[in-house]
Amino acid sequence: MGLGSCAAKVMPKLDRLTHIDVVDIGRGILHDSGSGSHIPTMDADCNNVINIVGRKALDPVNATAQHLKSWAQRGLIVTPICDGDRRPDAKQASNNNIATREKGRNKAITSRQELNAMNQRLKVELLNEEQRNKLLEERDALERRVKSSETQSTNVVPRNFADLLEECLCKIDAHAVNEVGGYVANVQKAEFQADALMGGRFKEGTSQLLLSNDADMRVNNGDGCVCVTGMTGREITVSSSSRKTLEKVKSYLDPKSQEIAKVVVAKKGFYPIFEGIESLRLRALISVIVGCDVCPGGIKDFGPKAVETKLEELRQSTTDEGEIYDQLLDCAVEFSQKKPTKFSKEDLTTFVQGVIYEPTNAAPPEGTSSLEHRTYLGDAPTTLPSYLQEFWAPATTIEQGPEILQCKGARSDGSAGHPFLAAVDHHECASCGKTVCRLCTGQIGEEHYCLGCHLVETLLPGISPEDIVSIKDMREDLRTKYRVNEADSLSIKEVEEIWESHAIHRAIEEMADDLEFPVLPAEAIQSGDCWEDLAEIDFSYGGAFLLDAKIGEENIPEILELLAAFVYFDTDRKKYTTWQKDGSVFAAMPELFIKFADKTESIDNKTAKLIRYKDQLGIHLSCKIPASMKKDVYDGDTVLTKDTLVCAQCECKSGAKKKERVACVHTAPRAMMLSILLAEDLAEHVLITLASIVTSAYVEEDTWSKEQIESMKRSAVALARGSKSNRTAEEMAKSATLYQMMQKYRTGTQKTNEWRRQHKPPKKDEIGPIADMDLDSPEQKAQLLFNRTKPTVKKSLPESIAFEPNYVQSGLLMNAAGIDPSEFGVVGFKLHEYRRNCQAREGPQNQNDQSHELLAAERKWKALVEESTHRSTRRSQTQLANILPQQRPRPSQPASRKRPNESSPTGPQKKRPSGHKAANTCAKCGNTSDTGARFHRIPPYPADLDANATLRQKISHRGRVWLRQEVMDRAGFGRDDRKEELRVCSEHEVETKRESLEFTHNGRKYHQLYEFTLISGAGPKSSLCPSTHTKGVAKERFAQRQLNVNDEKRKRGGPHCPATAPSRESALKREKRRRIEAEADAASWRRVAQQLAECSSVDDNRQTAPMCPSTSTAAGLVAPKEAPAAHPNAKRLFKVRAIGEAKQSTSSSDPKSDKPKKPRKPRLSTQPPKVLLRDTETGQRIDEDEVKRRTGFDSLNTLLAYIILINNGDVDRIRRRHSPLTWFEEYFLFFEWKMNETTRRQKDVCANWGLDSHQVITLKDSMLAAEREAVLSWPTFASYEEDRALRDREKWSRYDEHRTIMWDMTNVTAVQFGDASLQRSTYNEYYGENCFKGGVGLQFCGWQVNWNLWTGFADDSRYHDESGYSDEQKSFQETDLVNGEVKPFLNVLDRGYRVTYAAHQTGGQMVLQPPGSKSERRFKGRETVFAACVAHDRSGNERGVNVSKRAGLFKRGFKQGMNAERFNAAWRTWGFQANFMYKPVL
């Protein structure tokens, strides 16, 4: 807790740091201390860390262990320190935490009660759209409040935290020394609190850094203490009580980090009250005044600003900190006496001693006394008050000290009771009378309660907790008072139900004496003067009485309201008794009868006449009611309205007669008979009759008022609900008008029944993977059949080649990027870290090599970040080949001029003139000076002109700029590239070109015609200029090879001079061989000539087809170009000359044309990136919300970690690009397309990113292929050991000895195909749509697998047998042996699968699925339990299926024009990607 909200006002912080920066700070502190070690130590307050990093984690202890390990991987020795088994009484912050959690629990309970009532109102009440929307908004806010309160009430720290943390650290191998020398030390437990032990270690110099958010550490340990406070998120923050200390540790950072890091203080009032104070007593007193652990809240209205003002005043008179302490203490006592909480000097001194005398030692070993190991921040105390007697030393004297009181505590059972000083605010509970401190108090109005009584008073106002009957007392009442046999063996629910039934009976007996009577005596029925009869009702005609002219349309609203009262059930959970819970009878009776029972008028009403009594419509029921114990039947009458029992008469002995006003037991059943009749069919017929009356919306507006219409709508919903049509009632409640509500009961037109077509099933070869299917429409197939279109070869995805996963390499690159995968809490990165540790243990343990690898990874990552800040032109392999000329060897020196054994001169070489550098490589083709070619310098980029330059200077400058840009463009560089000292060789053609250019002078536009001397051709970025050095198409390359072979033969067939004179016989043989070779050579040349003639024949337009230049040269048709002895422009090749005078432009036309000149579209490669990994100016990264909104990844770190992972940590693979976009832009575009939420159409993607459709498709396919390589490279399933290590062992303990996986099928919506065969093969009757079906596998560790999509007609069993994942599981289990034996998979499936035998045939796999029953036979006891267990365990798989379709690409399904292979590849890779995005569903 520390200083609470005051910490930010008094403590500066250093933010924008990385993990590496924190390590550098630790090394700097360690170096200044003079220690010989080079690895700094950081102590971690684990109880503080688990509340920060583990509150939202599935396993908080594991999240804490992973967080500590991540710090060790940066090069730190991390010492975990936990709180002791008991907290000192003086530390009231612990009691405050318990009270806060208890208040959160109470608030969650009360808010959930409000939420249930609100949901019931939405379900039952008839609300208009505005009221419903307002109520929905209130419900959403209340749901968030409930969730927040439940989170607040959760204590994430387990009881045996230290032991569990040590076990988890051993499991993840955190104690082993890593590649950079860091490791996690053994867990230490403090005697009391971890911060005291950490302070003692810091004082001894054992640790250099502290990992905790607790501000008390920075106060108690002095200005030199540096705490890592911001331990999560993208950036790290450190804090200290001194700004000078932070400026000093900032100097330990590298220069670039120093520019980014910043010392930050509070914007609205910063008061460095601890700066420069060395006295521990004075620092403790200041913390007590502003509020700390021993005195939460401090002294009211004596905040940091007032303390700073007082300290400045005291320092003017003295600099002695002892005197300042005494004067400040007196001032604090004087100030508190003016407040409700009045502290004496003894009270404040006790608080100060509680800060400085808390023991700083670890928990003593078992069986030893803690006094033998006691250490303190300063000297041991000589005297202590009894309030602090826990802190005593062997030589300490205990005094009485200030008065102490005992608080009941936050928990209702009193287990959190604690002592506190009587000077602190406290109250007596208004309910139980116990004393509670201000921390454990709840308030309702002016009354104060303990938290237990506060909850009871909130839920059951006016009821004392003592009035609540416990289950134990209920059993005692049943056993003694009500004589219930075997009361002790009843379950809790049975005890409550039986006790409540007896309680209801007892309450009815007690209320019998207070019953009220009907309004009128019985003789009023015969007189008929007390009310007006409106009309007779014959129920045999149903609701036709509404059409009676005697009733009139004006009475219909009241009639509906009266009838609705007989079938309306109270849903607001109104309290009818003073008991804790009303009996079940109150939920089983209409509210009308409950009211009558409560007022002595609760009688059900059924009558044969409609009457009007005192402006209220009522009903007069006459019927016979049988006696309950005899065969007698009693005739009688009941007259009542919806609110009042008007009159009753009965023939029974207890019934009312003449002037009597009595309601006998036969009065209510007459009204109940009407309720039964309404529920059976009368209510429905009344609504049908009403629908015939309300023929349009105008009828209801012209006939009834708005109030009457609203009443009729409520009554109609109640009648619909009373007729057991709940779903219809809910739909009616959403209607805006009465006319729309009555459409449900309109008759006269029967709905057409759906005709279920019996189509023939698809063929066997039409069912299978969609990637192998031809999804062309019938029109496309017909056009191809009749040769109206040329057959097109469908482009398939690039080939994916699996690699050997290098988990260590990818992990190092993640660490270099400042990413800690353990913080994500997803199974994919957990599995990666597990395998990384295993791979690291198997490899060499050379610490120096690993340190070098980490440094190399950091350099590579910085280069990647730099590359993501700007775009560039991507050269393809064909473009690179086209710009390379065919190299010719340099002509050899003639033999006559070359001496034998001639060597190069050894004397000094001739130097070039100053200002020129030797350039031996052509910037366009890469030709070198070894070929004998001459080189010409590319003119440099001209310097910028002055603001007052003349027109002639601007004309010259504009021409030289364009010359430089065009030459760079033709040489293959960017037009604005500023590289110097570039040259081109004389191998390139020279051409002259004229160009009109525009420039501005004195605010006016001019046009000038120029003549340029340039190298011919375009750069590699242009596809408009054909390359003169291309190798040609396939037929030309074939001819080239044939010509080269024959040319080589011709060269080898030259004259041969033997050493001795040949004989005649040998000469004849040689002559014959030459003739044969000449004939073969001639035949070969004729064949090549024929092939060349065919290749170079005229085309369909009777035009000669061009021949490849290299082929023409090889065939001897064109003489090879010889290198000129000297270039015509040897002195200067590139020239520019202005022609004529500059012409001033008009605003409406161009000098060349009257038409406006179309603006030139800027090059994509020169535009800034759309998304930046890190802004080069501000250093800020892309917004996390933007990443989540567009790609689905929770954070930028998660996205980058996944990119590194699928590329195996290979930087060259990451930087591979397929467009002018940066590598980060391409990945962002790809994942945004797959998430398919922000850009759903192809043209939107092209418009947003500036690419054409072909580039986008190529990018998607290439990225899919790269991601598929990772899917193929990683094992398809988690191994047996990995699954056991990462799953919830307690939850899945019954599957410990099994290799378990759950499989289920899901649908992906597809377009309705026009082809009949595709329609048959993709339509699924279960889903009622055209769709694809895919398997989704889920292991208990959370690892999920998406298998190939098939056509929708495929059933689950066939998919399981033939899709291939069973064979994949067989191969996997045969390689992943357990103790040298094959452990087969256990497939947990739904009831519909019929694959038990097929699974057994595939490697002995087993199947677990719920049992089935025949002929509606009910399950037996064991079958019921077994079915329930399997269904419960498979529930997580349904959530996995939802994750598999969470991407918008699969939510919206397969659309017209999509590529099936690409869609299936995206489905497979999404299942892999989801493992690294979402937390496990199990």
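Quick note: structure is the one above.
In this report, the structure presented in the accompanying data block is examined. (Residues numbered from 1 in each chain as written. Predicted model: local features only at pLDDT ≥ 70, side-chain atom pairs only at ≥ 80, totals over all residues. Heavy atoms only, no water.)

A few points about the sheet that holds strand 26 (residues 1004-1015)
Picture the strands of a sheet paired through backbone hydrogen bonds; they go either parallel or antiparallel. Threshold: One bridge is not enough; two strands pair if DSSP finds at least two bridges between them. Each helix corresponds to a stretch of at least 4 residues labelled H or I by DSSP, and each strand to a stretch of at least 2 residues labelled E; elements are numbered beginning at the N terminus. Angular values range over 0 to 180 degrees, each being the angle between N-to-C directions of two axes fitted as lines to C-alpha atoms, with helices fitted over their stretch in contact.
Taken in spatial order, the 3 strands of this open sheet run 25-26-27, and their pairing is antiparallel. Each end of this open sheet is capped by a strand with a single partner; those strands are strand 25 (990-1001) and strand 27 (1135-1144). When strand polarity is set aside, the average angle formed by the axes of neighbouring strands in this sheet is 20°. Sheet topology places strand 26 next to strand 27; 7 bridges connect them, and they run antiparallel. Residue pairing for strand 27: Y1010 is matched across the bridge by A1138.

A word on the nonpolar core
Put simply, the test is: Buried Ala, Val, Leu, Ile, Met, Phe, Trp, Tyr and Cys residues that are joined via side-chain atoms within 4.5 Å together make up what is termed a nonpolar core. Throughout, exposure labels follow a simple rule: accessible area from a 1.4 Å probe, protein chains only, divided by the maximum for the residue type, with under 20% read as buried, over 50% as exposed, and the rest as partly exposed. Note on definitions: a residue-residue contact is assigned when non-hydrogen atoms from the two residues lie within 4.5 Å.
The biggest cluster of nonpolar side chains holds 114 residues, and the ones touching the most others in it are W861, W1223 and F1472. Apart from the residues lying within four places of it in its own chain, the contact partners of W1223 are W861, L864, E867, S868, L1173, L1200, I1203, I1214, R1215 and R1217. Counting residues in each nonpolar core, the second largest holds 59 residues, with V288, L384, A410 and Y449 among its members.

A closer look at the sheet that holds strand 18 (residues 532-536)
If you trace the 5 strands from one edge of the open sheet to the other, you get 18-19-20-21-22, paired in antiparallel fashion. The open sheet is flanked by strand 18 and strand 22 (645-650), the only strands paired with a single partner. Put simply, the sheet's adjacent strands are angled 20° from each other on average, direction ignored. Pairing of strand 18 with strand 19 (residues 609-613) involves 4 bridges; the strand directions are antiparallel. Directly across from E532, in strand 19, lies its bridge partner R612. Of the strands in this sheet, strand 19, strand 20 (616-626) and strand 21 (633-641) are in contact with helix 20 (residues 556-565), which crosses strand 20 at around 40°.

Digging into helix 20
Residues spaced three or four apart along an α-helix point in a common direction, a consequence of the helix completing one turn every 3.6 residues. Taking burial as the measure, the 10 residues of helix 20 include 8 buried ones, the bulk of the element. Looking at helix 20, one finds that the buried residues are I556, P557, I559, L560, L562, L563, A564 and A565.

Concerning a negative patch on the surface
Under the convention used in this document: The patch calculation keeps residues exceeding 30% relative accessible area without a salt bridge and links them within 9 Å when they carry like charges or within 5 Å when they are nonpolar (Val, Leu, Ile, Met, Phe, Trp, Tyr). Reported accessibility uses the Shrake-Rupley method at a 1.4 Å probe radius. Residues are deemed covered only where the shown protein chains occlude them. A side-chain nitrogen of Lys or Arg and a carboxyl oxygen of Asp or Glu constitute a salt bridge if their distance falls within 4 Å. We count Lys and Arg on the positive side and Asp and Glu on the negative side, and we leave His and both chain ends out. Positions of charges follow a simple convention, taking NZ of Lys, CZ of Arg, CG of Asp or CD of Glu.
Taken together, the side chains of E137, E138, D140 and E143 present a region of like negative charge at the surface. Assignment of secondary structure puts E138 in helix 6 (residues 129-152).

Focus: the pairing of strand 7 (residues 227-230)
Applicable threshold: When the strands point away from the viewer and the connection leading from the first strand across the helix to the second strand turns clockwise, the crossover is called right-handed.
Note: strand 6 (residues 209-211) against strand 7, 2 bridges, orientation parallel. If you follow L210 over to strand 7, its bridge partner there is C227. In this fold, strand 6 hands off to helix 9 (residues 215-220), which returns the chain to strand 7; that crossover is right-handed. Across 3 bridges, strand 7 lies against strand 8 (residues 236-239) in antiparallel orientation. Bridging from a neighbouring strand, C227 pairs with S239 of strand 8. Count of turn residues in the strand 7/strand 8 antiparallel hairpin: 5 residues, of which G233 carries a positive phi of about 90°.

Concerning unusual backbone geometry
Although it is not a glycine, D173 sits at a positive phi angle of roughly 60°. Its place among the elements puts D173 in the loop between helix 7 (161-171) and strand 4 (183-184). The class for D173 is partly exposed, based on a relative accessible area of 26%. With a phi angle near 65°, D615 is a residue other than glycine that sits in the positive phi range. Here D615 lies in the loop between strand 19 and strand 20. Judged by its relative accessible area of 69%, D615 is exposed.

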